[in-house]
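Breakdown of the fold
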Amino acid sequence: MINNWQYKQYSTGVTVVSDVIVQYDGAKGVYTVSLVDDYDVFVKRVHIKSGLDLTNYKRPQMERRIRTLMRSQGVNDLTAYFQLLERDANQYRKFIDHITINVSEFLRNPGQWEVLSQKILPLLLKTNQRLKIWSAGCSTGEEPYSLVITLLESRCDLGNQVLATDLDREVLRKAQIGLYAAKSLANFPAPLIKKYFEDQGGGYYRVKEMVKRHVKFQSHNLLKDRFETGFDLILCRNVVIYFTEETKTLLYQRFCQALCKGGILFTGSTEQIFQARELGLNSAATFFYQKA
Ligand SMILES: C[S@@+](CC[C@H](N)C(=O)[O-])C[C@H]1O[C@@H](n2cnc3c(N)ncnc32)[C@H](O)[C@@H]1O
């Protein structure tokens, strides 16, 4: 368990020397002391403004992304950049888009979706015909809509709406509209595109109401908000890759608690859970973990 606390150091005669973070790692019995830099201050301000705690995300990648975006907007320091975010809603929107990394596509990593429909769904349906499902970090909706289409094609009972959540309200707005460029549908065979999407012209397709009505989109921060429980299937794919190891473990514990016995956690193609056993998860297939 790592505890963090901060205090200001003052020197006589001069003003503030610096803020200092003292970290105590209880497991190792070790203290580390580091100076608060402009990035820490920026992160704290973003937390207060948006509720998004960037200390849970891997710093090197996150800082690089933020500084690259900041420079591309003609700003050279984080204090000035935060001021810009405070006064310019478009810049703030751009910042949130950039750091949350919303890229998605239908049937992302098609081989895994094949495993889902051929192996995992039949396994779950053996004990329960009406599945409770959550797509966590659903971005612009490609993942929950892919799921509903897979369920419809497998002739599953869709009595329960699929819960689809993301922290970013703007991606949820897009998800609800359900309009996509043809290239994001490339993993679907043409007959399925015809069946489940309306061609809007100009290379755009809109997901049909028969799919939409099975998804309930909701704003939800995985690092802050309460988790519903009793899920048979949770998809959390390409979300935790940006989190620190400590945050990832905590999140997997919470997913495990949110699953019912025998429920499955479906992760992204780079997201193997190495401590699965300790968390009470068994491998059901690569990137599919079953609660013991
Ligand atoms: C790369 S997209 C993944 C979309 C989809 N799951 C897929 O695999 O194609 C990552 C999504 O995670 C969301 N996200 C990041 N941090 C989050 C958090 N703390 N709580 C909820 N969603 C979060 C982002 O807003 C973004 O839409």
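Since this is a predicted model, take the numbers as computed values, not measurements. (Residues numbered from 1 in each chain as written. Predicted model: local features only at pLDDT ≥ 70, side-chain atom pairs only at ≥ 80, totals over all residues.)

Before going further, it helps to examine the confidence of the model for the protein chain. The predicted model of the protein chain has a mean per-residue pLDDT of 90, with 92% of residues at 70 or higher. In the model, residues 1–17 has pLDDT below 50 throughout and makes 22 contacts with residues more than four positions away in sequence or in other chains. (pLDDT = per-residue confidence, 0-100. Contact = placed C-beta atoms within 7 Å.)

Another point: the environment of Leu54. Within the secondary structure, Leu54 is located in the loop between helix 1 (38–50) and helix 2 (59–72). In this structure Leu54 comes out as buried when scored by C-beta crowding, with 20 C-beta atoms within 10 Å. With 14 residues separating them in the primary sequence, Leu54 and Asp40 have C-alpha atoms 9.4 Å apart. Leave out the neighbours within four places in its chain, and Leu54 touches Val43, Val46 and Met62. (Helix = DSSP H or I, 4+ residues; strand = E, 2+ residues; numbered from the N terminus. Buried ≥ 20, exposed ≤ 12 C-beta atoms within 10 Å, placed from the backbone.)

Moving on: the nonpolar core. Core analysis: the biggest nonpolar cluster contains 51 residues, and Ile133, Val148, Leu233, Ile234, Cys236, Leu265 and Phe266 have the highest contact counts within it. Contacts of Ile133, omitting those with residues within four sequence positions, involve Leu147, Val162, Leu163, Phe231, Asp232 and Leu233. Membership of the second largest hydrophobic core comes to 13 residues, among which are Tyr57, Leu78, Tyr81 and Phe82. (Core = buried A, V, L, I, M, F, W, Y, C linked by C-beta atoms within 7 Å.)

Positioned with a positive phi, Asn109 is a non-glycine residue whose angle comes to about 60°. On the secondary structure map, Asn109 appears in the loop between helix 4 (89–100) and helix 5 (110–127). The phi dihedral of Arg155 falls on the positive side, at around 55°, and the residue is not glycine. By C-beta crowding, Arg155 is classed as exposed, having 7 other C-beta atoms within 10 Å.

What follows deals with the sheet that holds strand 7 (residues 197–201). Here we have 3 strands laid out as an open sheet, ordered 6-8-7, and antiparallel in their pairing. Pairing within the sheet leaves two strands with one partner each, and these edge strands are strand 6 (179–181) and strand 7. Averaged over all neighbouring strand pairs, the angle between strand axes comes to 35°, with direction disregarded. Looking at chain direction, strand 7 and strand 8 (residues 204–207) are connected through 4 bridges and run antiparallel. Paired with Gly201 across the bridge in strand 8 is Tyr204. (Pairing = 2+ DSSP bridges. Axes fitted to C-alpha atoms, helices over the stretch in contact; angles between N-to-C directions.)

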